[in-house]
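Coordinate inspection notes
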Amino acid sequence: MNRFEVEQDPKSRDTYYLNMGPQHPSTHGVMRIKLHLDGERIISAEPIIGYGHRAHEKMAENRDYIQFLPNPSRVDYLGGMIYNVGYCQAVERAMDIEVPERAEYIRIVCNELNRISSHLLWLGTFLMDLGAFTPFLYAFDDREKILDILDRITGSRLTYCYARFGGVILDIDDVFLDNVSNFCTYFVERLKEYEKLVIGNVIFRERTIGVGIFAPDLAQKYAITGPCLRAMGHENDVRKDEPYGIYDRFDFDVPTQTEGDCFARTLVRMEEMRQSIRIIEQAVSDMPNGLFLAARVPRRIRPPEGDYYFCVESPRGSFGMYIASDGSDIPFRLKLRTPSFSHISAMPAVMASTMLADAVAILGSIDIVVPEIDR
Amino acid sequence: MALIKEILDGTKTLLTGMKVTLDNFRKPPVTSQYPMEKIEMSEAFRNVIVLIEKEDIGSHDCIDCKLCERVCPSFCIYLDGERPEGLRRKRSTKFEVDFALCSDCGLCLDVCPTDTLGYSKVHDEAGYNRSDFLYDLLEPWADKEEAARERLKEIEAEQAAERARKAAARKAKKVRREK
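What counts, and where the lines are drawn
Residues numbered from 1 in each chain as written. Chains lettered and ligands numbered in written order. Predicted model: local features only at pLDDT ≥ 70, side-chain atom pairs only at ≥ 80, totals over all residues. Heavy atoms only, no water. Pairing = 2+ DSSP bridges. Helix = DSSP H or I, 4+ residues; strand = E, 2+ residues; numbered from the N terminus. Axes fitted to C-alpha atoms, helices over the stretch in contact; angles between N-to-C directions. Contact = heavy atoms within 4.5 Å. Buried area = accessible area lost by both parts, 1.4 Å probe. Salt bridge = Lys/Arg side-chain N within 4 Å of Asp/Glu carboxyl O. Polar contact = N/O pair within 3.5 Å; in protein donor to acceptor, adjacent residues only side chain to side chain. Nonpolar A, V, L, I, M, F, W, Y, C, P; charged D, E, K, R; others polar. Domains from an automatic or database assignment. 1 Å grid on protein atoms, 1.4 Å probe; cavity = no way out; pocket = protein on both sides within 12 Å on 5 of 7 lines; lining within 4 Å. Points joined across faces, edges and corners; volume = space filled by probe spheres on them. Expected span 1.5 Å × (residues − 1). Buried < 20%, exposed > 50% of the residue type's maximum accessible area, 1.4 Å probe, protein only.

Regarding the sheet that holds strand 7 (residues 317-325) of chain A
Residues and elements named next belong to chain A. Judged by pairing direction, the sheet is antiparallel, and its three strands sit side by side in the order 6-7-8 without closing on themselves. Only two strands of the sheet have a single neighbouring strand rather than two, namely strand 6 (306-314) and strand 8 (333-337). On average, each strand axis in the sheet is tilted by 15° relative to the strand beside it, whichever way the strands run. As paired strands, strand 6 and strand 7 are joined by nine bridges and run antiparallel to one another. Among the inter-strand pairings, Cys311 is bridged to a residue of strand 7, identified as Gly320.

Set out below in structure tokens:
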């Protein structure tokens, strides 16, 4: 049977199949979920992915390490900076390239700004899935402020190709630092407003509390990471557990909740934005002078023969890169481990025996980015 | 009783939300009216690459080294060049960019040995088909090419004289040491 056809079970006339997607607004891209419904209750859900597949991993095997630089930010277009910097850090660690202090601090500031902008977009679209339109506009207004700040130094607004092996492409100036500090003071106030508007709201609470609970054994079965895991009560953050870059120098907390439902995930992400602001404030106040790009970067990037694994904390979870190098300047294999893929595989278990309207809330709350699932 | 309490609490949270909305309603609008209002592009803004003028040459300084063509991940730069008579360096005779394929990664700017590549500051380009985005970067410099080659000959003659002077000095030093 063709997998694009929807089968009808002749024995049970009361249940039916429904396609959510591929172009459903709440799937945030092209992804299809085949729902088996009994009235409005979901009997089973099967995510069908691959509509936005662009073969990033195969592309890596056909171009050298430098030419792959624009790709990671296109794997996840919302956390482009984090993926771009993460890829650079992976190759730097494989080749032992020294990165100047200033470049490390610039990367931290840009990473955390990017994390906030990603969480803001999630907040807006998640609440729009639940039917709230106003927070979407506020979140996009604030996100625009971050994009303007980053646009000034990186030259792009979404798919930054800002980091290079050994540093970053352009130096920052005092205006940028002023912009960032102004944004931090503005945004801390703004977060309180969001909390007043959203967290206390009775409709929001009714739609999210107790909805989409991740069972405790699910985390290990499906390799759940990031805010979804922290909402289940595990204090797990790559920035704390295996600090990469210079994250070990900053003082920040890993927010956790214990319930593991949509509401807990919202709270975790809200608190994470506050922690990101803390990191940015520390990084801006300690910003050293010096080079922004290492003076001695090898012209040909050839990691020594062997296997390397490096993972960073993306806004959605742990993003890992597995580089198998055969000593040439083209990767033998580059596997990208993306968090959204793990989270979407857990959907059949989470969505079973919930209501149809809750499926939309669950999908929104795990913050999926479809190009990242397909990559 | 519990129901009444729930209703009252719910109404209170709704009113809190509405107050936030009302506060924002009084703030000035954040939208910029784009076609009527022109938006300033940042210094680092990336668009299609252009050849930058070098002051001493009076034109671009593309030497057809093909490094940008080789590093481009989208293979969207097409180069060709010739070695003009009486010149040590090459000059490009064709520099085309298929902007429909370009991903604005900026790797070509990184590798350019003469730093003659930069970004265009035009941000609102549109076309009806893909061939509209095949840019010929040499077109703006076509009428300056003759003068630039003459100027380059002078520069290279100066450089050659400098090299000869240095070589002579080295030789004299060597002769002195041998004595």
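Observations concerning the interface of chain A and chain B
Taken residue by residue, the interface counts 30 residues in chain A and 26 residues in chain B. Buried area between chain A and chain B, summed over both chains or domains, comes out near 2100 Å², and the portion from carbon and sulfur atoms is 55%. Among the ionic pairs, Asp110(B) bridges to Arg164(A), the shortest N-O distance being 2.4 Å. Inspection of the region where chain A meets chain B yields 14 residue pairs in polar contact (both at pLDDT 80 or more). Contributions of two or more residues to the side of chain A that touches chain B are made by helix 5 (134-154), helix 6 (174-199) and helix 7 (202-208) of chain A. At seven residues, the largest contribution of residues to the side of chain A that touches chain B is made by helix 5 of chain A. In terms of residue class, the side of chain A that touches chain B is built from 12 nonpolar, seven polar and 11 charged.

Focus on the domain arrangement of chain A
Residue and element names in this part refer to chain A. Domains assigned within chain A are domain 1 (1-53) and domain 2 (56-367). Placing a centre on the C-alpha atoms of domain 1 and another on those of domain 2 gives a separation of 30 Å. Each partner contributes to the interface: domain 1 provides 16 residues, whereas domain 2 provides 17 residues. Seen at the junction of domain 1 and domain 2, the total is zero salt bridges. Our count for the domain 1 to domain 2 interface comes out at three residue pairs in polar contact (both at pLDDT 80 or more). Of all elements in the fold, only strand 1 (15-20), strand 2 (32-38) and strand 3 (41-48) reach the threshold of two or more residues within the side of domain 1 that touches domain 2. When residues of the side of domain 1 that touches domain 2 are assigned to their parent elements, the largest contribution, five residues, is made by strand 3.

Thoughts on empty space enclosed by the protein
Residues and elements named next belong to chain B. Scanning all chains against the criterion turns up four cavities of 30 Å³ or more. A volume near 120 Å³ is recorded for the largest cavity. Around the largest cavity sit 18 residues that line it, and Cys72, Ile77, Cys102, Cys105 and Cys108 are the ones nearest its centre. If one sorts the elements of the lining of the largest cavity by residue count, helix 3 (residues 107-111) sits on top with three residues. The residue inventory of the lining of the largest cavity, partitioned by class, reads 13 nonpolar, four polar and one charged. Taken as a whole, the second largest cavity holds about 70 Å³ of empty space. What lines the second largest cavity is a set of 13 residues, and nearest its centre among them are Cys62, Cys65, Cys68, Cys112 and Thr116.

Let's talk about helix 3 (residues 80-95) of chain A
Residues and elements named next belong to chain A. With 16 residues, helix 3 should cover 22 Å at 1.5 Å per step; its first-to-last C-alpha distance of 23 Å lies within 8% of that length. By the criterion of burial, helix 3 is predominantly enclosed, with 15 of the 16 residues buried. Where helix 3 terminates, the next one or two residues include Asp96, which has phi positive at roughly 55°.

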